[in-house]
Amino acid sequence: ADVHRISGLPRQTVIQAVTQQQSLRWIFVGGKGGVGKTTVSCALAIELASARESVLLVSTDPAHNLNDAFGQPISSTPTAVTGVDKLYAMQVDATGGSRSSR
């Protein structure tokens, strides 16, 4: 969805616009440290999982915050997120290799 078109709408309307756009295949969340990238990514992935066949959340954050966010170990291979049907998560080493969770 075009951010400039939807930026003035209520949050729920924006979330619905994103989750209902069936042609959308990739969403990248970025920003400075501490701005809530992991929180937004996880929340968006949970919403998308309720509307899609399946969702894979991939993190390249070396801090491996998905472990804390979902309260379970997340590895370098797609891992089913406990309590959220159709949501999988994985943590990838952005330096080129893959790394298991701590």
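Quick caveat, the model's predicted, so the values are computed rather than measured.

1. Points about the environment of P62
- By secondary structure assignment, the location of P62 is in the loop between β1 (55–59) and α4 (66–70).
- Judged by its relative accessible area of 60%, P62 falls in the exposed class.
- Placed 30 residues apart in sequence, P62 and V92 show a C-alpha to C-alpha distance of 8.2 Å.

2. Focus on the nonpolar core
- Among the nonpolar cores identified, the biggest contains 16 residues, and V55, L57, L66, F70, V81, L87 and A89 are the most heavily contacted of them.
- Residue assignment for this core shows that the elements contributing at least two residues are α3 (37–51), β1, α4 and β3 (87–91).
- The biggest single contributor to this core is α3, with five residues.
- Beyond its immediate chain neighbours, meaning those up to four positions away, L57 contacts S41, C42, A45, L66, F70, Y88, A89 and M90.

3. Digging into the pairing of β3
- With four of five residues buried, β3 is to be regarded as a mostly interior element.
- Bridge analysis of β1 against β3 gives five bridges, and the strand direction is parallel. Looking at β3, one finds that V58 is bridged to M90.
- Strand direction decides the pairing type here: strand β2 (residues 79–80) and β3, joined by two bridges, are antiparallel.

Reading the values: rules and limits
Residues numbered from 1 in each chain as written. Predicted model: local features only at pLDDT ≥ 70, side-chain atom pairs only at ≥ 80, totals over all residues. Heavy atoms only, no water. Helix = DSSP H or I, 4+ residues; strand = E, 2+ residues; numbered from the N terminus. Buried < 20%, exposed > 50% of the residue type's maximum accessible area, 1.4 Å probe, protein only. Core = buried A, V, L, I, M, F, W, Y, C linked by side-chain atoms within 4.5 Å. Contact = heavy atoms within 4.5 Å. Pairing = 2+ DSSP bridges.

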